[in-house]
Amino acid sequence: MYITSSGTCTDRLDYVYSQRTPIIAHITQKSITDIGETVNLTCTVFYATEFSILWVKVDKERSIEPVIFSNRNSLIIKDSRLSLSQDKDIDSYTLQINDIQETDAGFYRCEVILGISNKITADTELIVRRRPFISDNSTRSLVVKVGQPVKLECYASGYPSPLISWKRANNAILANGVSIYRGNILEISAITKEDRGTYYCVAENGVGKGARRNIAIEVEFSPVITVPKPRLGQALQYDMDLECHVEAYPPPAVIWLNNGVQLSNNQHYRISHFATTDETSDTTIRIITIENRQYGDYICKASNILGTAEVTVTLYETIIPVCPPACGQLLSHSKNSAIKISSVNVLIASYLFFVYLNF
């Protein structure tokens, strides 16, 4: 036993403990867990039987008031996911958090309150593994002119820190000659129309399926025209189709000209346009029941804000009709010929029968 200065009798050990400054002897090291798991945060304190011991969540990055979870063996926040236990033998306090959520991540502090402005603290970090998500400051889409430099940026958050890779639709080759590029920034020094299309920014960290953003690049370029056949022949009075294939962005205005005159749909011509993609289209002009004056050069012309292109297709005369597109007409001509032949045969048969009766 030990007699204090006031004359009170007490255990020597309690007295010694009461004269010492409290210390936090142990706190849980950094905890890394997955969503839905359970975490135990333990703080062991020596010489603090007469002081308040708190579990507090603090935000070190923002000026937000700390959230006090407990005082000694009593929870202050009532939440079904939280529980508190005390081991009196070693004076430790364990805060248990069930069904971990992303918002539980952060710093937790064990505090021993010694006075109004006097306390001792120790921190532990709770890290929750999170699947990646791509940040808003990443590139979404671009419209650029051919030849311009392009920079595609992609940033992602999550834990562990995600790795970023770049791909193109259908595993097309990137401008730097590879099918996959790793890094936050993909640069193209001088973009070509072949570089247009969809690019994928992929963020992966081994948690979940990762994240992906589709980035559409539209490349503005002046028209480029190709023709399947620059010279086509057809017989008089038959139809013929002249075709050209146009690549351009923005989509161009396409016209057909003959002898400097723009052609339109009428009894002599039928013009059609068919867009295959945003950048490509096919145009056809059908010359109906060809007359002599319609032989010659036809110009397919395409124009957009970046320029103009034109290609000449020549129509010349042949003796034998070309099929297609004259197939239907040939059949029609064949039917007419068959009718004429049948009529002649009937007349000949009637004449022979008349001669036979009068013989």
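Just above sits the structure.
Presented here is a report on the structure given in the accompanying data block. (Residues numbered from 1 in each chain as written. Predicted model: local features only at pLDDT ≥ 70, side-chain atom pairs only at ≥ 80, totals over all residues. Heavy atoms only, no water.)

**Things to note about the sheet that holds strand β27 (residues 296–304)**
And step 1. Reading across from one edge, β21-β28-β27-β23-β24 is the order of the five strands in this open sheet, with mixed pairing throughout. Strands with a single pairing partner mark the edges of an open sheet, and in this sheet they are β21 (231–234) and β24 (261–262).
And step 2. As judged from the six bridges shared by strand β23 (residues 253–258) and β27, these two strands associate in the antiparallel manner. Looking at β27, one finds that I255 is bridged to K301. (Pairing = 2+ DSSP bridges. Helix = DSSP H or I, 4+ residues; strand = E, 2+ residues; numbered from the N terminus.)

**Regarding the side chain of T42**
And step 1. Mapped onto the elements, T42 comes out in strand β5 (residues 39–46).
And step 2. Residues contacting T42, with those up to four places away along its chain left out, are H26, I27, T28, W55, S92, Y93 and T94. (Contact = heavy atoms within 4.5 Å.)

**Quick notes on the sheet that holds strand β9 (residues 82–87)**
And step 1. One open sheet accounts for four strands, arranged β3-β5-β10-β9; its pairing is antiparallel. Each of the sheet's edge strands pairs with one partner strand only, and the pair in question is β3 (23–27) and β9. Strand-to-strand twist in this sheet, taken as the mean axis angle between neighbours without regard to direction, amounts to 20°.
And step 2. In this structure, β3 lies alongside β5, joined through four bridges in antiparallel fashion. Across the sheet, the residue bridging to I23 is F46, located in β5. (Axes fitted to C-alpha atoms, helices over the stretch in contact; angles between N-to-C directions.)

**Topic: the pattern of salt bridges**
And step 1. Scanning the entire structure with this criterion turns up 14 salt bridges.
And step 2. When the shortest N-O distance is used, the salt bridge between E220 and K145 registers 3.6 Å. In this pair, E220 is assigned in strand β20 (residues 211–226) and K145 in strand β13 (residues 141–145), connecting sequence segments 75 residues apart.
And step 3. What makes K145 partly exposed here is its relative accessible area of 39%. (Salt bridge = Lys/Arg side-chain N within 4 Å of Asp/Glu carboxyl O. Buried < 20%, exposed > 50% of the residue type's maximum accessible area, 1.4 Å probe, protein only.)

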